[in-house]
Amino acid sequence: MKRRTFLQTSTLLGASLGATAKAASSEPLIIATWKNEKATIAGWNKLMETGKALDGVEAGARIPEADPNDTSVGYGGYPDRDGHVTLDACIMDHVGNAGSVTFLEGIMHPISVARAVMEKTPHVMLSGAGALKFALDQGFKVENLLTESSKKAWEEWKKESKYEPVINIERHDTIGLLGIGKAGEIAGACTTSGLAFKMHGRVGDSPIIGGAVFCDDEVGGACATGLGEFVMKTLGSFLIVELMRQGMSPQKACEEAVMRIVKRYKYKEFQIGYLALNKKGEYGAYAIQKGFNYTITKNGKTQVIESASYM
Ligand code: ASP
């Protein structure tokens, strides 16, 4: 069931030296948490077609959402402890518009519902039954998102019912994406089924603007993955963008945001991974634990890069 194999031949170890990866200028690119080549390539292709970072990050997010083998996002996502697959997603554009959905059930593409919230309502966030009603009004269809294999995993989990998120394992594996469009504008997105076997009603950081995603076109963008409770309590993506505004590189800003968590919370047996991008096209990442990586597609080329980590 492990979705990621870390030691792929395309993996680079550059970021593990703690250096900010440098891009020549702010050329178009799509960057995403974890090893998610199909998503960044789909995002890149869309970006090449329309030119827009927002279209790119949405298209990228839709890939794991529709993948039954990705047990942390959309279709095939592990359910909560009551057997419901509940989804959180958000999206943000370069002029500060944002949309999100939380606790949404039965819709394959929550990222597109979040975009519709942003573009077609006066609100930022819709939740649960209200989000579902809005999605149906917008023409989205209800589907059963609980696959046989995710149901089996849940039934297996129920035998002991232990709540123990496993570091870097599929219980948290959210995709967060950032993109630079052809005009140099920055957008971000995030989508997840949240922690596996969470309490019914639990909402994580993934739909929280400033938590799992934040963009400010004067500065850059950031996104997060991992145990969302700690991202929410430190408003990680907002923090990273603000640190970059004060002059930090994306790499240093991610490190500082991780250190806020490390210093404040003694228990560290969990993973948080941050990924950030600035207006110059420089990017960086940092995590609490080893094993976090990210994927970038730029100039039509795709690389998986290992992140440096605190541990
Ligand atoms: N951050 C997500 C959550 O807490 C989990 C993940 O990153 O996979 O819901």
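Computed from a prediction, not measured in an experiment: that's the story for all the values here. (Residues numbered from 1 in each chain as written. Predicted model: local features only at pLDDT ≥ 70, side-chain atom pairs only at ≥ 80, totals over all residues. Heavy atoms only, no water.)

*Asks:* Now, about the site of the ligand: what can you tell me, with residues and values included?
*Replies:* Taken together, eleven residues lie around the ligand, and Asp173, Thr174, Arg202, Asp205 and Gly226 are the ones closest in. Within the side chain of Thr225, an N or O atom sits 2.8 Å from an oxygen atom of the ligand. At a separation of 2.9 Å, an oxygen atom of the ligand approaches a polar backbone atom of Gly228. Relative to its free-state accessible area of 260 Å², the ligand is covered by the protein chains to the extent of 100%. Of the residues that constitute the shell around the ligand, the class distribution is one nonpolar, seven polar and three charged. (Near = heavy atom within 4 Å. Polar contact = N/O pair within 3.5 Å; in protein donor to acceptor, adjacent residues only side chain to side chain. Areas by Shrake-Rupley, 256 points an atom, 1.4 Å probe, with all protein chains shown as cover. Nonpolar A, V, L, I, M, F, W, Y, C, P; charged D, E, K, R; others polar.)

*Asks:* Could you give me a rundown of the packing of aromatic side chains, with the residues and numbers involved?
*Replies:* According to the stated counting rule, one finds seven aromatic pairs in the structure shown. Taking the centre distance of 5.0 Å and the plane angle of 80° together, the rings of Phe230 and Tyr265 count as edge-to-face. A residue pair is termed long-range when its members are at least 10 positions apart, and Phe230 in helix H6 (residues 228-234) and Tyr265 in the loop between helix H8 (250-264) and strand S10 (272-278) qualify at 35 residues. Pair check on accessibility: Phe230 and Tyr265 agree, each one buried. Seen in terms of ring centroids, Phe230 and Phe270 are 4.0 Å apart; in terms of plane orientation they differ by 10°. Their pairing is stacked. Of this pair, Phe230 sits in helix H6 while Phe270 sits in the loop between H8 and S10, and the two are 40 residues apart along the sequence. Here the aromatic residues Tyr78, Trp157 and Phe197 are joined through ring pairs into a cluster of three or more. One Lys or Arg, Lys158, reaches over the ring of Trp154 and ends 3.8 Å from the middle of that ring. When the ring centre of Phe230 is taken as origin, the NZ or CZ atom of Lys233, which lies over that ring, is 4.7 Å away. (Phe/Tyr/Trp six-rings, centres within 6.5 Å; stacked < 30°, edge-to-face > 60°. Helix = DSSP H or I, 4+ residues; strand = E, 2+ residues; numbered from the N terminus. Buried < 20%, exposed > 50% of the residue type's maximum accessible area, 1.4 Å probe, protein only. Lys NZ or Arg CZ within 6 Å of the ring centre and 35° of its normal.)

*Asks:* Would you mind going over the environment of Met92 in detail, with residue names and values included?
*Replies:* Counting through the fold element by element, Met92 comes out in strand S3 (residues 87-92). Taking relative accessible area as the criterion, Met92 reaches 4% and is therefore assigned buried. Separated by 118 residues in the primary sequence, Met92 and Gly210 place their C-alpha atoms 9.8 Å from one another. When near neighbours in sequence (up to four residues on either side) are disregarded, Met92 contacts Leu54, Asn97, Ala98, Ala187, Gly188, Ile209, Val213, Phe214 and Cys215. (Contact = heavy atoms within 4.5 Å.)

*Asks:* Break down the sheet that holds strand S11 (residues 283-287) for me, citing the residues and quoting the values.
*Replies:* What the five strands build is an open sheet, ordered S8-S9-S10-S11-S14; its pairing is mixed. Only two strands of the sheet have a single neighbouring strand rather than two, namely strand S8 (213-216) and strand S14 (308-309). Sheet topology places S11 next to S14; two bridges connect them, and they run parallel. Opposite Tyr286, over in S14, you have Ala308 as the bridge partner. Contacting S8, strand S9 (220-226) and S10, helix H7 (residues 236-245) crosses the sheet at an angle of about 145° to S9. Sheet strands in contact with H8 are S10, S11 and S14, and its direction is about 20° off that of S11. (Pairing = 2+ DSSP bridges. Axes fitted to C-alpha atoms, helices over the stretch in contact; angles between N-to-C directions.)

*Asks:* Can you lay out the packing of helix H1 (residues 37-50) against helix H2 (residues 53-65) for me, pointing to particular residues and giving the numbers?
*Replies:* Remark: H1 packs on H2, axes separated minimally by 7 Å, with the N-to-C direction vectors making an angle of 150°. In this view, H1 runs roughly antiparallel relative to H2, as classed from their interaxial angle. For the element pair H1 and H2, the recorded crossing hand is right-handed. Residue-level inspection shows Lys38, Ala39, Ala42, Gly43, Lys46, Leu47 and Thr50 of H1 in contact with H2, the latter providing Asp55, Gly56, Ala59, Gly60, Ile63 and Pro64. Taken together, the residues that form the contact of H1 with H2 break down as six nonpolar, four polar and three charged. (Parallel < 35°, antiparallel > 145°, perpendicular 65-115°, else oblique. Left-handed = near helix turned anticlockwise from the far one by under 90°.)

*Asks:* Explain the UniProt feature "active site" (unreviewed entry) in the protein to me, using residue names and the numbers behind them.
*Replies:* Per the UniProt record, the feature "active site" (unreviewed entry) sits at Thr174. Looking at the element boundaries, Thr174 is found in the loop between helix H5 (148-160) and strand S6 (175-180). Among the residues examined, Thr174 registers a relative accessible area of 6% and is labelled buried. Non-local contacts of Thr174, meaning those with residues more than four positions away in its chain, are made with Thr33, Trp34, Ser72, Val73, Cys190, Thr191, Thr192, Ser206 and Thr225. (UniProt positions renumbered as here; feature names shortened; annotations may be inferred.)

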